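# Structural overview
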Amino acid sequence: MHRRTTGVSRRTVTKAAAGAGLAVLFGARTAAAVGSRTVDVSVSSAALGRSAPVRLILPSGFDSQPTRTYPVLYLLHGAHDDYTSWTRETDIEAFTEGRDLIVAMPDAGPTGIPTAWRGGPDYETFQLKEVPALLARDYRASGVRVVAGVSTGGYGAMAHAARHPGMFTAAASYSGILDTMAPGVPTLMDAIVARENLVPTSLWGNPFLNLLTWRDFNPRNRAAGLRGTALYVSSGSGLAGGTGDWLPEALESALWPSAHSFTDTLALQRIPVTTHFYAGGGHSWAYWKQEFTASWPMLARGLGVPQ
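In this report, the structure presented in the accompanying data block is examined. (Residues numbered from 1 in each chain as written. Predicted model: local features only at pLDDT ≥ 70, side-chain atom pairs only at ≥ 80, totals over all residues. Heavy atoms only, no water.)

## Some remarks on the environment of Val150
Mapping Val150 onto the fold places it in strand β6 (residues 141-150). Classification of Val150 as buried rests on a relative accessible area of 1%. Each C-alpha atom, one on Val150 and one on His283, is 9.0 Å from the other, the two residues being 133 residues apart in sequence. In this structure Val150 touches Leu76, His77, Gly78, Trp86, Tyr174, Trp285 and Trp288, once residues within four positions along its chain are discounted. (Helix = DSSP H or I, 4+ residues; strand = E, 2+ residues; numbered from the N terminus. Buried < 20%, exposed > 50% of the residue type's maximum accessible area, 1.4 Å probe, protein only. Contact = heavy atoms within 4.5 Å.)

Structure representation (structure tokens):
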């Protein structure tokens, strides 16, 4: 990603730590500049039982307009990745230059599944309560928010918006896991968890014995909560029209029915959604970057900023 040479001001970098004495459940422990407007903040999280990072991109005029508040674009990372992925894989810092918004990229753990784990860390509370509290307190965030994510982050975008109606004005999913109970998808979720050397049932338990929990966290089952939220869903057919890179195409293909099950449910409930289902494609940033750009006008309207 393009890096600019000037650093974030000392005032900006230390601002997150200014309220540390007040932070018991919520708080920023440290902040470090990593770009001209980009800051990494370590948040002391009661929900996770540890400190966790969130990467922020601040508005260009943040220091020169000390009383102004800003809407927030939340960007969620995918499985086996981390909170740096959006700045590593896209030009999001340059893209948001001059657009008067805050970009927040919170950690979702190694699986990238931002949910309340069964008897474990609660990434949903971290992302939806602790990070917003930090942003409101230390970075003048307004109550206007949109959310977008890739892969398991796409799951998170729709699950967050559905489980917390009205919290986000818009939500976008790029190759997201949108029906976690579609045929084959519980096995896929188990594989994501197991790849990080975690016990699969540590997520939501057994999909049969703990059916109600799985349903509670499934975006399709919570679709009614998305009424009134602007929605964008994109997914590729993968192997059905692929170009030979079989692994990402196979994964994309496996998620195709899940995405359609989700949008079909929205249609039955007459909840509007903009969809882009395309032939081929793979589970990769090459496609997700294009989809973010395509969804940006909707996200910008939700934020109240120029396109």
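## Focus on the pairing of strand β5 (residues 102-106)
Taking burial as the measure, the 5 residues of β5 include 5 buried ones, the bulk of the element. Strand direction decides the pairing type here: strand β3 (residues 50-57) and β5, joined by 4 bridges, are antiparallel. From the neighbouring strand, Val54 faces β5, where its bridge partner is Pro106. Pairing of strand β4 (residues 70-76) with β5, which is carried by 3 bridges, proceeds in the parallel orientation. In the sheet register, Tyr74 faces β5, and the bridge partner there is Ala104. (Pairing = 2+ DSSP bridges.)

## Section: unusual backbone geometry
Of note, Asp100 is a non-glycine position whose phi angle comes to about 55°, a positive value. On the secondary structure map, Asp100 appears in the loop between α3 (92-95) and β5.

## A closer look at helix α6 (residues 185-195)
One full turn of an α-helix is made of 3.6 residues, so residues set three or four places apart face in the same direction. Of the residues making up α6, those classed as buried are Val185, Pro186, Leu188, Met189, Ile192 and Val193. Considered in projection along α6, the buried side chains sweep an arc of 160° and stay on one side of the axis. Exposed residues lying more than 90 degrees from the buried face of α6 are Thr187 and Arg195. Downstream of α6 by a residue or two, Asn197 has a phi angle that is positive, lying close to 60°. (Arc of directions from axis to C-beta.)

## Quick notes on the side chain of Ser258
Positionally, Ser258 belongs in helix α8 (residues 246-268). Residue Ser258 is classed as buried on the basis of its relative accessible area, which comes to 0%. In this structure, Ser258 is in contact with Ile177, Leu178, Asp179, Ala182 and Val185, ignoring residues within four places of it in sequence.

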